[in-house]
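Examination of the molecular architecture
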Amino acid sequence: MEATAAPPPSLRPRRPLSVSPAPATRPGPKPRPWGLAASRRASAVRCELPRRPDPRPLRASAIVEDGGDAGGVGRRKRLAVFVSGGGSNFRAIHEAALAGEVRGDVVALVTDKPGCGGAEYARSNGIPVVVFPKSKSAPEGVSVPELLHALREHEVDFVLLAGYLKLIPAELVREYPRSILNIHPSLLPAFGGKGYYGLKVHKAVVASGARYSGPTVHFVDEHYDTGKTLAQRVVPVFADDTPELLAARVLHEEHQVYVEAVAALCEDRIVWREDGVPLIKSRLNPDVYL
């Protein structure tokens, strides 16, 4: 789920995050005291361990390959994206696919709001729109069996939730095991679950006094925001932040981390440890996990 705030004009380069991060500070030779007079800069980092000088591969018995094509060779994957609003993450993924950054194509757009910005963008780009579920405001909506039939007709490989506010039916989860991703605007499991979406998430983060937030890409199960985490970005929360300012910084990171996760999914670079945790293989070095 996503906010609609515009990204800030100035962005700070990302840096690796320590396993036990120090309190959030702005870049510079000395920590800057928090205060209202401070200049704002986008600040986000990858949520990953520092690389070892000589990375070692995981034990063969500790991972289960999901496709096994770490080099990305093979046909382009076919993607269905679910949205309920403006669909800025959907647009980021579609544009990345057109630019060749993602080895996949968006072949269907599913929405519960046929008049939303995401649906209009899909129609303007020749992407078929499926309305789901049927409701008083959307009587043209399809049933669960009809939705599954439509996805099969479009030969969909992966389902991507990008600000879709409805709970995914269990039949869809069973139809696409380990093949449905969602993005959430907080560091799950914090500030997740039913009712936590959009600006509500950022209001809760600021009110809690949390020092860090950021987006999470995770696999989808039958519940809200409880699937296994695939990727995260860490965004510091400043003492003078507002929900709107935090939302803008987090949204910018959403567009980047979701595209990177989808690119890994389409290139079969996601592996599963024996304990059920998904990891992303580096495109440049298959012995490094992001």
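Quick note: structure is the one above.
Described in the following lines is the structure provided in the data block. Keep in mind that what you see is a predicted model, and the values were worked out from it rather than measured. (Residues numbered from 1 in each chain as written. Predicted model: local features only at pLDDT ≥ 70, side-chain atom pairs only at ≥ 80, totals over all residues. Heavy atoms only, no water.)

1. A short note on the packing of aromatic side chains
- The full count for this structure, using the stated rule, is four aromatic pairs.
- Their ring planes at 90 degrees and their centres at 5.3 Å tell us that Phe 82 and Tyr 164 sit as a pair that is edge-to-face. Of this pair, Phe 82 sits in strand β3 (residues 77-83) while Tyr 164 sits in the loop between β6 (158-161) and α4 (170-175), and the two are 82 residues apart along the sequence. Taken individually, Phe 82 and Tyr 164 each receive the classification buried, so the pair is uniform in this respect.
- Taken together, a centroid distance of 5.4 Å and an interplanar angle of 85 degrees make the contact between Phe 90 and Tyr 121 edge-to-face. Within this pair, whereas Phe 90 is found in helix α1 (residues 88-98), its partner Tyr 121 is found in helix α2 (residues 117-124), the two being separated by 31 residues in sequence. Accessibility assignment for this pair places Phe 90 and Tyr 121 in one class, buried.
- The positively charged end of Arg 178 is found above the aromatic ring belonging to Trp 272, 3.9 Å away from the centroid. (Phe/Tyr/Trp six-rings, centres within 6.5 Å; stacked < 30°, edge-to-face > 60°. Helix = DSSP H or I, 4+ residues; strand = E, 2+ residues; numbered from the N terminus. Buried < 20%, exposed > 50% of the residue type's maximum accessible area, 1.4 Å probe, protein only. Lys NZ or Arg CZ within 6 Å of the ring centre and 35° of its normal.)

2. A few points about the side chain of Asp 112
- Looking at where Asp 112 falls in the secondary structure, it is placed in the loop between β4 (104-111) and α2.
- Look at Asp 112: it is buried, it has no salt bridge, and the nearest opposite charge is Lys 166 at 4.7 Å.
- There is a polar contact of 2.6 Å between the side chain of Asp 112 and the side chain of Ser 84.
- Look past the residues within four positions of Asp 112 in its chain and what remains in contact with it is Val 83, Ser 84, Phe 132, Pro 133, Ala 138, Tyr 164 and Lys 166. (Lys, Arg positive; Asp, Glu negative; His and termini not counted. Salt bridge = Lys/Arg side-chain N within 4 Å of Asp/Glu carboxyl O. Polar contact = N/O pair within 3.5 Å; in protein donor to acceptor, adjacent residues only side chain to side chain. Contact = heavy atoms within 4.5 Å.)

3. A word on the nonpolar core
- If you look at the biggest cluster of nonpolar residues, it comprises 37 residues, and the most contacted ones within it are Phe 90, Leu 160, Val 217 and Tyr 258.
- Aside from chain neighbours lying at most four places away, what touches Val 217 is Leu 181, Asn 182, Ile 183, Thr 229, Leu 230, Ala 231, Val 257, Tyr 258 and Ala 261.
- With 22 residues, the next largest nonpolar core counts Ala 80, Ala 150, Val 156 and Val 220 among its residues. (Core = buried A, V, L, I, M, F, W, Y, C linked by side-chain atoms within 4.5 Å.)

4. Regarding the pairing of strand β10 (residues 229-236)
- Of all eight residues in β10, seven are buried, a share of seventy percent or more.
- Looking at chain direction, strand β8 (residues 212-213) and β10 are connected through two bridges and run antiparallel. The residue of β10 that forms the bridge with Tyr 212 is Pro 236.
- Relative to β10, strand β9 (residues 216-219) is paired through three bridges, and the arrangement is antiparallel. Across the sheet, the residue bridging to Thr 216 is Gln 232, located in β10. (Pairing = 2+ DSSP bridges.)

5. Comments concerning unusual backbone geometry
- The step from Phe 132 to Pro 133 runs through a cis peptide bond, and the omega angle for that step is -5 degrees.
- Checked against the element boundaries, Pro 133 lands in the loop between β5 (129-131) and α3 (144-153).
- Cis peptide bonds are those with omega within 30 degrees of zero, and the linkage from Leu 188 to Pro 189 qualifies with 15 degrees.
- The phi angle at Glu 155 is positive, at roughly 55 degrees, despite the residue not being glycine.
- Within the secondary structure, Glu 155 sits in the loop between α3 and β6.
- Judged by relative accessible area, Glu 155 falls into the exposed class, the value being 53%.

6. A short note on the packing of α1 against α2
- Look at α1 against α2: their axes get within 10 Å of each other, and the N-to-C directions meet at 25 degrees. For the element pair α1 / α2, the angle class is roughly parallel. Contacts between α1 and α2 involve Phe 90, Arg 91, His 94 and Glu 95 from the first element and Gly 117, Gly 118, Tyr 121 and Ala 122 from the second.
- Along the lines of polarity and charge, the residues of the contact of α1 with α2 split into three nonpolar, three polar and two charged. (Axes fitted to C-alpha atoms, helices over the stretch in contact; angles between N-to-C directions. Parallel < 35°, antiparallel > 145°, perpendicular 65-115°, else oblique. Nonpolar A, V, L, I, M, F, W, Y, C, P; charged D, E, K, R; others polar.)

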